[in-house]
Amino acid sequence: MSSNSKTKQSNGVIGFGLTGGLSTGTIIIATIVTVAIIASIVIARRISNTNSDQSNIIHTFIDDTDPIDIIQPEPEPEPEPIACSEITWNSVPGPSKAWQSSLFIEELDLVVYGSNDLTNSIAITDPNLTVFLTPNTPGSAVVLAYSPTLGNGSGRIIAAGTGATSMYSDDEGVTWITGQGFPTVSNTIWSSAAWSDDLGLFVMGANTGILAYGNGAIWNSVPNISGNQSITSIIWTPLGGGKFVGTQFDQGLPNGTGHIISSTNGMNWTRHSLTGVPQTNWFDITYSPELGMIMMVGAFGPSIATTTSDPTLDDWTYSTGSGQTGQTVVWSSGCGEFVSSTFSRYATSPDGVNWTNKELHGISNQITMTYISDNDTIISAGFGGVIGKGTYI
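Cut-offs applied
Residues numbered from 1 in each chain as written. Predicted model: local features only at pLDDT ≥ 70, side-chain atom pairs only at ≥ 80, totals over all residues. Heavy atoms only, no water. Helix = DSSP H or I, 4+ residues; strand = E, 2+ residues; numbered from the N terminus. Patch = residues over 30% accessible without salt bridge, like charges linked within 9 Å, V, L, I, M, F, W, Y side chains within 5 Å. Areas by Shrake-Rupley, 256 points an atom, 1.4 Å probe, with all protein chains shown as cover. Salt bridge = Lys/Arg side-chain N within 4 Å of Asp/Glu carboxyl O. Lys, Arg positive; Asp, Glu negative; His and termini not counted. Charge placed at Lys NZ, Arg CZ, Asp CG, Glu CD. Pairing = 2+ DSSP bridges. Axes fitted to C-alpha atoms, helices over the stretch in contact; angles between N-to-C directions. Buried < 20%, exposed > 50% of the residue type's maximum accessible area, 1.4 Å probe, protein only. Contact = heavy atoms within 4.5 Å.

A. Structural detail: unusual backbone geometry. One non-glycine residue, Asp109, adopts positive backbone phi at about 60 degrees. Here Asp109 is to be found in the loop between strand E4 (99-105) and strand E5 (110-115).

B. Main features of a negative patch on the surface. Taken together, the side chains of Glu106, Glu107, Asp109, Asp197, Asp198 and Asp374 make up a negatively charged region of the molecular surface. Of note, Glu106 is situated in the loop between E4 and E5.

C. Highlighting the sheet that holds strand E24 (residues 328-332). The 4 strands are arranged E24-E25-E26-E27 in an open sheet whose pairing can be described as antiparallel. Two strands close off the open sheet at either side, each with one partner strand: E24 and strand E27 (356-359). Between one strand and the next, the sheet's axes are offset by a mean angle of 25 degrees, whatever the strand orientation. Of the strand pairs in this sheet, strand E26 (residues 345-349) and E27 are connected by 4 bridges, and their pairing is antiparallel. Note that in E27 the partner of Arg345 across the bridge is Glu359.

D. Summary view of the environment of Ser332. Within the secondary structure, Ser332 sits in strand E24. A relative accessible area of 0% means that Ser332 is categorised as buried. The sequence separation of Ser332 and Tyr371 amounts to 39 residues, and the corresponding C-alpha distance is 6.1 Å. Here Ser332 is in contact with Glu337, Val339, Tyr371, Ile378 and Tyr392, once residues within four sequence places are set aside.

E. Looking closely at the pattern of salt bridges. Counted by the stated rule, this structure contains 3 salt bridges. The partner of Asp117 in a salt bridge is Lys97, and the shortest N-O contact between them spans 2.9 Å. Separated by 20 residues along the polypeptide, Asp117 in the loop between E5 and strand E6 (122-125) and Lys97 in the loop between strand E3 (87-92) and E4 bring together distant segments of the chain. With relative accessibility at 19%, the residue Lys97 sits in the buried group. Across the pair Asp170 and Arg156 runs a salt bridge, and its minimum N-O distance is 2.8 Å. Of this pair, Asp170 sits in the loop between strand E10 (166-169) and strand E11 (177-178) while Arg156 sits in strand E9 (residues 156-160), and the two are 14 residues apart along the sequence. Neither Asp170 nor Arg156 differs from the other in exposure class; each is buried.

Structure follows, in C-alpha cells:
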C-alpha cells in the first residue's frame, strides 16, 4: 500500500508510530481502529478492480487523498419489444349485424361497432370483446369517430350512415342524440369521418362526394369538390403541417390518374391529382407515427400508395400486392407493421413495400379492422355479424 493510504500524525493522533504518554489499552484500541480502516479501503479497491464498467462507481474519501469506490446498483433494463411473428384469429360471438365500421377508443377502453341499420345500429364492448351493449340509436353508423375533448368529460362519439341523420353520444355510447344541420342529399351514405385535436372539429365524407364539418352536435356543409366520386376514408395527419386527407372511390379501371382530397381547416377542400398513382377504387387510408408514413390501399392488385412527405406534394410511391384487394388497413404500433385485410384474407408489412399474405382461418366477409393498443390485438368485423379477433403470438 502506498504511503498516501496512511492516516496522518499530528498533535498526538494515532499513526503507525506510537506516541508517548498513552496507556497500553488506548494504543491497542487505536491500532484496531486503524487496521479496520485500512482493511475497508483494501476491500473497496479490490471490488472496484473486479468491475470492468466504471460508469456506475462513485468515489468518496477518508481524508484529502484516499478515495473509496462505492458500486451503485445497475439500472433497470429497457423492456424488450413485442415479438410479433404471427396473428392467431378466432371468431367472437356478437350481435348479428352487417358491421361496416369499428373503432377502438383508448381513453374509454371501449370498442364500438357500427352498422347501416336505421335503429340499434351500435354495439359497444370491452377490448377483450366479452360483453356487448346494444343501445337505442336514432340512425345508422356506417362511420364512427371520437373526440377526447368534446362532451362532458368522457369525450364525444359520433356516427352517421344512410340519409341525413347523424348522431352523437357524450356518455360512452349509452345515450345517442341526433345532430343538427346535417346536409340533406338524396341517395347519400356517409362513408368516412375523422377528428382533429389541432382544429377541434370533426369532418365527414359521403358516397356522393359531399362533406360536412362540425362538433358532432351541430354540422355545416361543404360544397362538392370531389367530382361526385365517393369519399371512402379520411384521416388527420401531421404531415405537411397538419391536414385532413381523404381517399376516393374513383369508379374506374386503373388507367387514369388517382386523386386525394385535403383540407387544413375542415371547411375548404382541394382535390389533388397524383402523378404515378393510377385511378382506382381507393378504399382506406391510415397513418403510422413511427414511420411518419401515410398509406392508402385499394382495388386492382391490390393498389398500395405511400408517402412520408406532405401528401399534397405529389410525392407518392405506388406499388401492387399479390392478388388481394385491400379493403381496409391499420397500423399496429406495438408490432410495427401495417395490417390490411379483405373479406377472408389479410396481409402484413413492416414498411409498406414488402408484404406477406395470410389467411383469416375460417373468418369471412370482414370489411372493417381496428388495432387495440391495450392488448396488441387486431379486431375485424363484417357482414353476417361475424367478428374476428387476431392475437399476436
